[in-house]
Amino acid sequence: MSADTALPAASCYLDEETFRLSCGLFLEHSHSLNDGWTWEMFSGSEKEGYMKKTVMVPCRLSSTPCQRRMVDDTDGLAEDEQLSEQDESAGELPGAEGQAVLRYEYHVLYSCSYQIPILYFRASTLEGRSLSLEEVWKNVHPNYQQRLRQGPWDTITQQEHPLLGQPFFMLHPCKTEEFMRPALETAHAERMGVNYIVTWLSVVGPVVGLDVPLSYALAVGAPVPGTSASAAASASTAASAPATRLHLPHSIPLLSSPLVCCAHL
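Rules used throughout
Residues numbered from 1 in each chain as written. Predicted model: local features only at pLDDT ≥ 70, side-chain atom pairs only at ≥ 80, totals over all residues. Heavy atoms only, no water. Helix = DSSP H or I, 4+ residues; strand = E, 2+ residues; numbered from the N terminus. Contact = heavy atoms within 4.5 Å. Areas by Shrake-Rupley, 256 points an atom, 1.4 Å probe, with all protein chains shown as cover. Buried < 20%, exposed > 50% of the residue type's maximum accessible area, 1.4 Å probe, protein only. Core = buried A, V, L, I, M, F, W, Y, C linked by side-chain atoms within 4.5 Å. Phe/Tyr/Trp six-rings, centres within 6.5 Å; stacked < 30°, edge-to-face > 60°. Axes fitted to C-alpha atoms, helices over the stretch in contact; angles between N-to-C directions. Parallel < 35°, antiparallel > 145°, perpendicular 65-115°, else oblique. Left-handed = near helix turned anticlockwise from the far one by under 90°. Nonpolar A, V, L, I, M, F, W, Y, C, P; charged D, E, K, R; others polar. Expected span 1.5 Å × (residues − 1). Arc of directions from axis to C-beta. 1 Å grid on protein atoms, 1.4 Å probe; cavity = no way out; pocket = protein on both sides within 12 Å on 5 of 7 lines; lining within 4 Å. Points joined across faces, edges and corners; volume = space filled by probe spheres on them. Polar contact = N/O pair within 3.5 Å; in protein donor to acceptor, adjacent residues only side chain to side chain. Pairing = 2+ DSSP bridges.

1. Some words on the overall build of the protein chain
Right, so step 1: The helix and strand tally for the protein chain stands at eight helices and seven strands.
Right, so step 2: Partitioning the contacts of the protein chain with sequence separation of at least 6, the portion at a separation of at least 24 is 65%.
Right, so step 3: Counting every atom, the protein chain has about 12900 Å² of accessible surface; 50% of that belongs to carbon and sulfur.

Shown next as structure tokens:
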């Protein structure tokens, strides 16, 4: 691969078309894994939309990592029953004694102002009660709480969803350049393709309980110039041309990167 097809080393930003193409490749792999990500069109437009995933997470009452289950929120009751049957057969019961099950819904949107993706999410109990900002913070993994303790309310903020107009939490993007620049510069130096969405989401997602399987880094490549941006709306046609595998350099601070931010939107 030539350096011309990689993101410029000096830039930590991406345009909206590259965002949609990167999402399309990400969604294609998600569908192959049955990982639960979908592309939600807004106002019937393929060009305006966002990636979405919903999972069920036991409330964190200790340092033990939570178990996560993908749910289809278009038929939540049926899916919950199916999950219960699967858990019973595996000897695991959701919401076991001392554990309350929470529903987390994640949205990945493009920010025209910041020219980067932003992770929005909301969390609620199965009864529909929305979690407060303090409750969301308490459910952050202790490893991240320790590193974000200086400014938790600036890292996770509550904002209006830019497309839905509903209250959502978000990870503030003001420190994105700080952890994306080393990744992009390393990939550029090694002439490796970078899927911005995979690299970025692998860093920010775990802060709020969203894990990205390693197979995304191995299988999802950089967007191919000239591919139609509408591919993001259909995982079956998201990548019609071969793409270069993503390189996740060892220098990315996946677990130790401080995401403490200084300002609200």
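2. Description of the environment of isoleucine 116
Right, so step 1: Within the fold, isoleucine 116 resides in strand β5 (residues 116-125).
Right, so step 2: In this structure isoleucine 116 comes out as buried when scored by relative accessible area, which is 2%.
Right, so step 3: Distance from isoleucine 116 to proline 173, taken between C-alpha atoms, is 8.0 Å for residues 57 residues apart in sequence.
Right, so step 4: For isoleucine 116, the contacting residues outside a window of four places in its chain are Cys12, Tyr13, Leu14, Leu109, Tyr110, Ser111, Pro173, Thr176 and Tyr196.

3. Quick word on the nonpolar core
Right, so step 1: One finds Trp37, Leu119 and Leu201 to be the most contacted residues of the largest nonpolar core, which totals 48 residues.
Right, so step 2: Per-element tally for this core: the top contributor is helix α7 (residues 196-204), with seven residues.
Right, so step 3: If near-sequence neighbours (up to four positions away) are discounted, leucine 201 is found in contact with Phe26, Trp37, Val108, Leu119, Pro206, Leu210 and Val212.
Right, so step 4: The next biggest cluster of nonpolar side chains, apart from the first, holds seven residues, and it includes Tyr50, Ile118, Tyr120 and Met170.

4. Quick notes on the packing of aromatic side chains
Right, so step 1: In the structure shown here, the tally under the stated rule is eight aromatic pairs.
Right, so step 2: Clustering of aromatic rings is evident, with ring pairs tying together Tyr104, Tyr106, Phe121 and Phe169.

5. Notes on the packing of helix α6 (residues 176-189) against α7
Right, so step 1: Packing of α6 against α7 brings their axes to within 11 Å, and their N-to-C directions diverge by 130°. Judged on the interaxial angle alone, α7 and α6 are oblique. For α6 against α7, the interelement crossing comes out right-handed. Note on element contacts: α7 touches α6 through Tyr196, Thr199, Trp200, Val203 and Val204, opposite Thr176, Phe179, Met180, Ala183 and Leu184.
Right, so step 2: Of the residues contributing to the contact of α6 with α7, the split by class is eight nonpolar, two polar and no charged.

6. Digging into α6
Right, so step 1: If you check α6, its first and last C-alpha atoms are 20 Å apart, about what 14 residues at 1.5 Å a residue would give, namely 20 Å.
Right, so step 2: Among the residues making up α6, those that are buried are Thr176, Phe179, Met180, Ala183, Leu184 and Ala187. Buried residues in α6, looked at end-on, bunch into an arc of 125°, giving them a common side.
Right, so step 3: On the buried face of α6, the contacting elements are β5 and α7.
Right, so step 4: In the stretch just after α6, arginine 191 is the one whose phi turns positive, near 55°.

7. Some remarks on the layout of surface pockets
Leftover empty space is mapped by rolling, across the atoms, a probe with the size of a water molecule.
Right, so step 1: Taken as a whole, the largest pocket spans an internal volume of roughly 270 Å³.
Right, so step 2: If you go around the largest pocket, you meet 17 residues; those closest to its centre are Leu109, Tyr110, Ser111, Cys112 and Pro162.
Right, so step 3: Every element with two or more residues in the lining of the largest pocket is listed here: α1 (16-33), β2 (45-58), β4 (101-111) and β5.
Right, so step 4: The residue makeup of the lining of the largest pocket, split by class, is 10 nonpolar, three polar and four charged.

8. Focus: α7
Right, so step 1: A large share of α7 lies buried, amounting to nine of its nine residues.
Right, so step 2: Of all the residues in α7, the buried ones are Tyr196, Ile197, Val198, Thr199, Trp200, Leu201, Ser202, Val203 and Val204.
Right, so step 3: For α7, the N-terminal capping position is held by asparagine 195, with its side-chain oxygen 3.1 Å away from the main-chain nitrogen of isoleucine 197.

9. Here we look at the packing of α1 against α7
Right, so step 1: Relative to each other, α1 and α7 sit at 75°, their axes nearing to 8 Å. By the criterion of interaxial angle, the relationship of α1 to α7 is roughly perpendicular. Residues Phe19, Ser22, Cys23 and Phe26 of α1 touch α7, and the partners they reach there are Tyr196, Ile197, Val198 and Leu201.
Right, so step 2: Of the residues belonging to the contact of α1 with α7, the class tally is seven nonpolar, one polar and no charged.

10. Considering the pairing of β5
Right, so step 1: The buried count for β5 comes to nine of 10 residues, which makes it a mostly enclosed element.
Right, so step 2: With 10 bridges connecting them, β4 and β5 associate as antiparallel partners. Residue pairing in the sheet places arginine 103 in a bridge with serine 124 of β5.
Right, so step 3: Connecting β4 to the next strand, β5, in antiparallel fashion are four residues, including glutamine 115 with a positive phi near 60°.
Right, so step 4: Pairing analysis gives two bridges linking β5 to strand β7 (residues 167-171), with the strands arranged antiparallel. Looking at β7, one finds that tyrosine 120 is bridged to methionine 170.

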